[in-house]
Amino acid sequence: MGSAKNTSTPSASDRRERIEEMRRAERARARRGRIAVISVSTVVVAALIGVGAWAVTKGGDDKDTSSDAKPAGHFTYDKDGVGTWSAKLTRNHVGGKPTYPMNPPVGGDHNQVWMNCNGDVYEKPLANEHAVHSLEHGAVWVTYNDKAADADVKALAAKVKQTPYTLMSPIADQKDPIMLSAWGHQRTVKSASDPAAAKFFAAFVQGKQTPEMGAPCTGGLGQ
C-alpha cells in the first residue's frame, strides 16, 4: 500500500507574516529609491552651481572696465612741439581712480565732478580724474614739478589767474619742469616767458578740441 502525501495548508498567521515581510521589503526598496534620487539630484545641483560660478567668474575676469583700461595710443608732435594723442579718448563718468597712459593725463574716463578751472591756482596736487573733466570743458591745465624755477611758477600763476578756463597745480613726477595740457594735446615749455606758452593758451583755451564747448568751469570741486 502506498502512503498518502503529507501536504499542509499555511495557517492564517503564516500568511499575515508573509504579507508583512513583503511590505517591509517594498518599503525598503522605496527608501533606497528615494535616497538614490536625492543623491543624484544633489550631484546635479552641485554641478550646475559650479558651472554657474565658473561662468560668473569667467565673465568677471573678461570684463574690461573703463577705470582700469589703458587706451592704446601715443603722442605725435608737430613742428612747434605740440603733442596730439593718437587714439580716441573715452569720456565716461566713472568712480574710483582711473589710470591714464600719459602724465599729466590729457583725457579719458573721469569723475563726474570737475575741478574749478576759472583761473584757479592750486598749491597741492589734484586728483587726475577731476582735472581731466576740466579739460573736457575746454580748460588748459598748467603743471610743474620742483625743477621749475620759482619765478616761472609765480609768473604762470599770475597768467592763469587772469585767464578763464585754466587751472594750475604741481605734479611731482611729470617728466618736464613745466607742461601745458588740453583735451588730447600737450606740450612742454621752457619758461613762463616762452612764446609757446601764450600760443598754446590761444589755441586750446576753449579751443576746437573741446568736447563740451561752453560747459562751466565753476561750480565744481575746489581744493
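Scroll up to find the structure this text is about.
Quick caveat: nothing in here was measured; it's all calculated off a predicted structure.

J.: Explain the environment of Asn103 here, please?
T.: Its place among the elements puts Asn103 in the loop between β2 (83-85) and β3 (118-121). Sequence separation of Asn103 and Ser181 is 78 residues, and the distance between their C-alpha atoms is 9.6 Å. Setting aside chain neighbours within four positions, we find Asn103 in contact with Ile171, Asp173, Gln174, Met179 and Gln186. In terms of polar contacts, Asn103 uses its side chain to reach the side chain of Asp173, at 3.2 Å.

J.: In this structure, what is going on with the side chain of His185? I would like to understand it.
T.: Counting through the fold element by element, His185 comes out in strand β7 (residues 185-188). With relative accessibility at 15%, the residue His185 sits in the buried group. In this structure the side chain of His185 is engaged in a polar contact, spanning 3.1 Å, whose partner is the side chain of Thr84. Not counting the four nearest positions on each side in its chain, His185 is found in contact with Val82, Gly83, Thr84, Val106, Leu180, Phe200, Phe204 and Gln209.

J.: Before we go on, may I ask you to explain the pairing of β7 in this structure?
T.: Along a regular strand, successive side chains alternate from one face of the sheet to the other. Relative to β7, β2 runs antiparallel, the two sharing two bridges. Bridging from a neighbouring strand, Gly83 pairs with Gln186 of β7. Alignment of strand β6 (residues 178-182) against β7, held across four bridges, turns out to be antiparallel. Across the sheet, residue Ser181 finds its bridge partner in β7, namely Gln186. Connecting the antiparallel pair β6 and β7 is a turn made up of two residues, with Gly184 showing a positive phi of about 80 degrees.

Cut-offs applied
- Residues numbered from 1 in each chain as written.
- Predicted model: local features only at pLDDT ≥ 70, side-chain atom pairs only at ≥ 80, totals over all residues.
- Heavy atoms only, no water.
- Helix = DSSP H or I, 4+ residues; strand = E, 2+ residues; numbered from the N terminus.
- Contact = heavy atoms within 4.5 Å.
- Polar contact = N/O pair within 3.5 Å; in protein donor to acceptor, adjacent residues only side chain to side chain.
- Buried < 20%, exposed > 50% of the residue type's maximum accessible area, 1.4 Å probe, protein only.
- Pairing = 2+ DSSP bridges.

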